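# Observations on the three-dimensional arrangement
So the chains spell out like this:
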Amino acid sequence: MSDAVSFRPMTEADLDAVLKIEYAAFSHPWTRGIFTDGLKSYDCWVMFEGTQQVGHGVIQLILDEAHLLNITVKPESQGRGLGLRLLEHLMTRARELNAVECFLEVRESNQPAYRLYERYGFNEIGRRRGYYPAVGGREDALVMACTLVD
């Protein structure tokens, strides 16, 4: 990474760029409506490398639990540590909002994301059968959790 990485809260004005990244990265992306609703009740962030928007993430706080709902890095920017930087930022935000634990679901087939979460300190704690839509049917989600306090 040559340019500095920075973060700022997502706004409605970011949604065109967010959706462009979302649709390039996923076979079943979030819709504009999901992001619009999320801006009202979730902690939504965009990530920049220099002046280029390269990713976004969304966490939900329920009492002292954080739920990582979305973390996306532009496909052409993947493989350079940006996903870890974004995850670290989101987990720092969760701590600032007094979360003591974070939960997430990840597609069973998404091994790069699974390894990223494991590297950060998440552990697999369960499975949700048929959780995600998939080409030709449904796919299981692996449920992971990470303690955010020492």
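No experiment lies behind these values; they were computed from the predicted model shown. (Residues numbered from 1 in each chain as written. Predicted model: local features only at pLDDT ≥ 70, side-chain atom pairs only at ≥ 80, totals over all residues. Heavy atoms only, no water.)

The feature "active site" (unreviewed entry), as given by UniProt, occupies Glu105 and Tyr117 in the numbering adopted here. Set against the largest pocket, the annotated residues named above that line it are Glu105 and Tyr117. By secondary structure assignment, the location of Glu105 is in strand 5 (residues 101–107). Relative accessible area serves as the criterion here: at 23%, Glu105 is assigned to the partly exposed category. For Glu105, the contacting residues outside a window of four places in its chain are Arg128, Tyr131, Tyr132, Ala141, Leu142 and Val143. Here the side chain of Glu105 touches Arg128 through a polar contact of 3.0 Å, side chain to side chain. Inspection of the secondary structure puts Tyr117 in helix 4 (residues 111–120). If we ignore the near neighbours within four places in the chain, the residues touching Tyr117 are Leu68, Ile71, Leu87, Leu104, Val106, Phe122 and Met144. (UniProt positions renumbered as here; feature names shortened; annotations may be inferred. 1 Å grid on protein atoms, 1.4 Å probe; cavity = no way out; pocket = protein on both sides within 12 Å on 5 of 7 lines; lining within 4 Å. Helix = DSSP H or I, 4+ residues; strand = E, 2+ residues; numbered from the N terminus. Buried < 20%, exposed > 50% of the residue type's maximum accessible area, 1.4 Å probe, protein only. Contact = heavy atoms within 4.5 Å. Polar contact = N/O pair within 3.5 Å; in protein donor to acceptor, adjacent residues only side chain to side chain.)

A full pass over the atoms with the stated rule returns twelve salt bridges. The shortest N-O distance in the salt bridge between Glu105 and Arg128 comes to 3.0 Å. Of the two residues, Glu105 sits in strand 5 while Arg128 sits in strand 6 (residues 123–134), which places them 23 residues apart along the sequence. (Salt bridge = Lys/Arg side-chain N within 4 Å of Asp/Glu carboxyl O.)

What follows covers the packing of helix 3 (residues 82–96) against helix 4. At their nearest, the axes of helix 3 and helix 4 sit 11 Å apart, and the two run at 50° to each other. Classified by the interaxial angle, the pair formed by helix 3 and helix 4 is oblique. As for the relative orientation of helix 3 and helix 4, their crossing is right-handed in sense. For the pair helix 3 and helix 4, the contacting residues are Gly83, Leu84, Leu87, Glu88, Met91 and Arg95 in the first and Leu116, Tyr117, Arg119 and Tyr120 in the second. For the contact of helix 3 with helix 4, the residue count by class is six nonpolar, one polar and three charged. (Axes fitted to C-alpha atoms, helices over the stretch in contact; angles between N-to-C directions. Parallel < 35°, antiparallel > 145°, perpendicular 65-115°, else oblique. Left-handed = near helix turned anticlockwise from the far one by under 90°. Nonpolar A, V, L, I, M, F, W, Y, C, P; charged D, E, K, R; others polar.)

Glancing now at the packing of helix 1 (residues 15–25) against helix 2 (residues 32–41). Contact geometry for helix 1 and helix 2: axes closest at 10 Å, N-to-C directions at 130°. Of the possible angle classes, the one that applies to helix 1 and helix 2 is oblique. Relative to helix 2, the crossing made by helix 1 is right-handed. Residue-level contacts link Leu15, Asp16, Val18, Leu19 and Glu22 of helix 1 to Arg32, Phe35, Thr36 and Leu39 of helix 2. Considered class by class, the residues forming the contact of helix 1 with helix 2 number five nonpolar, one polar and three charged.

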